[in-house]
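Given next are the chains, with one letter for each unit.
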Amino acid sequence: RKEVEQDPGPFNVPEGATVAFNCTYSNSASQSFFWYRQDCRKEPKLLMSVYSSGNEDGRFTAQLNRASQYISLLIRDSKLSDSATYLCVVNQYSSASKIIFGSGTRLSIRP
Amino acid sequence: DVKVTQSSRYLVKRTGEKVFLECVQDMDHENMFWYRQDPGLGLRLIYFSYDVKMKEKGDIPEGYSVSREKKERFSLILESASTNQTSMYLCASSPPPTGVIYEQYFGPGTRLTVT
């Protein structure tokens, strides 16, 4: 079993729709969580951190469920420009930091 | 704005060649990383460094080495390139505290092809 798992998609949704995807992690020692966005042939860029209480940034909402060991990303009123691959990142701290990337979920917004 | 630059966007090398990939960041970050990204496998950590002359192995260090002589520069070295090292290589940096990783800033990547 992978340490961080994401549905690869692609998710193909119409503009204006709400879309959500999850990311599950296997190690309960995981301590911080992030969503990154990666456009085609570009580098990943931080979209948002994920806090225990959940957090919102405009049309984007991130949630963390420690009991079930998953994080989620919700995008409301999706735009064409939201088309990208969304990467889930989990950090574990013990003697050293261990960073694990999910393989990404592809999202395609159609007009 | 944080800027992470990589020496080449595209590189083609022959099997057995020694390959140097350079990464420079301009934000005085302690932590720097080298990843490779392959379809279906996501980003995998090769090496990271949390200080000058310090390095730690990531998940797939075999066939690679690194050098960090100055804080702003982190080099990845393929001692003898092989075809299975054909990949996209991404460098990243992140601010302190040392060893505790928050957001990472990525360079544009180097697409390396080994023939």
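What counts and what doesn't
Residues numbered from 1 in each chain as written. Chains lettered and ligands numbered in written order. Predicted model: local features only at pLDDT ≥ 70, side-chain atom pairs only at ≥ 80, totals over all residues. Heavy atoms only, no water. Pairing = 2+ DSSP bridges. Helix = DSSP H or I, 4+ residues; strand = E, 2+ residues; numbered from the N terminus. Axes fitted to C-alpha atoms, helices over the stretch in contact; angles between N-to-C directions. Phe/Tyr/Trp six-rings, centres within 6.5 Å; stacked < 30°, edge-to-face > 60°. Buried < 20%, exposed > 50% of the residue type's maximum accessible area, 1.4 Å probe, protein only.

Enquirer: Describe the sheet that holds strand E6 (residues 55-57) of chain A, listing the residues and the values that go with them.
Expert: Backbone-to-backbone hydrogen bonds join strands into a sheet, with any given pair of strands oriented parallel or antiparallel. Residues and elements named next belong to chain A. Across the sheet, 5 strands lie side by side as E1-E3-E8-E7-E6; this open sheet has antiparallel pairing. Where the open sheet ends on each side, the last strands, each with one partner, are strand E1 (4-6) and E6. With direction set aside, neighbouring strand axes in the sheet form an average angle of 15°. Here E6 pairs with strand E7 (residues 60-65) via 3 bridges, running antiparallel. Across the sheet, the residue bridging to Asp 57 is Phe 60, located in E7.

Enquirer: Please provide a residue-by-residue account of the packing of aromatic side chains, values included.
Expert: Enumeration over the complete set of coordinates arrives at 12 aromatic pairs over all chains. Aromatic pair Tyr 25 of chain A and Phe 33 of chain A: ring centres 4.9 Å apart, planes at 45°, arrangement tilted. A single burial state applies to Tyr 25 of chain A and to Phe 33 of chain A, both of which are buried. Connected via pairs of aromatic rings, a cluster forms that spans Tyr 36 and Phe 101 of chain A together with Phe 33, Tyr 35, Phe 48 and Phe 106 of chain B.

Enquirer: Requested: an account of the sheet that holds strand E7 (residues 64-70) of chain B, with residues and values cited.
Expert: Residues and elements named next belong to chain B. Spatially, the 4 strands line up as an open sheet ordered E1-E3-E8-E7, and their pairing is antiparallel. On the outer flanks of this sheet lie strand E1 (4-6) and E7, each paired with one strand and no other. Adjacent strand axes in the sheet meet at a mean angle of 20° when their direction is disregarded. Inspection of the sheet shows strand E3 (residues 19-25) paired to strand E8 (residues 73-78) by 6 bridges, in the antiparallel sense.

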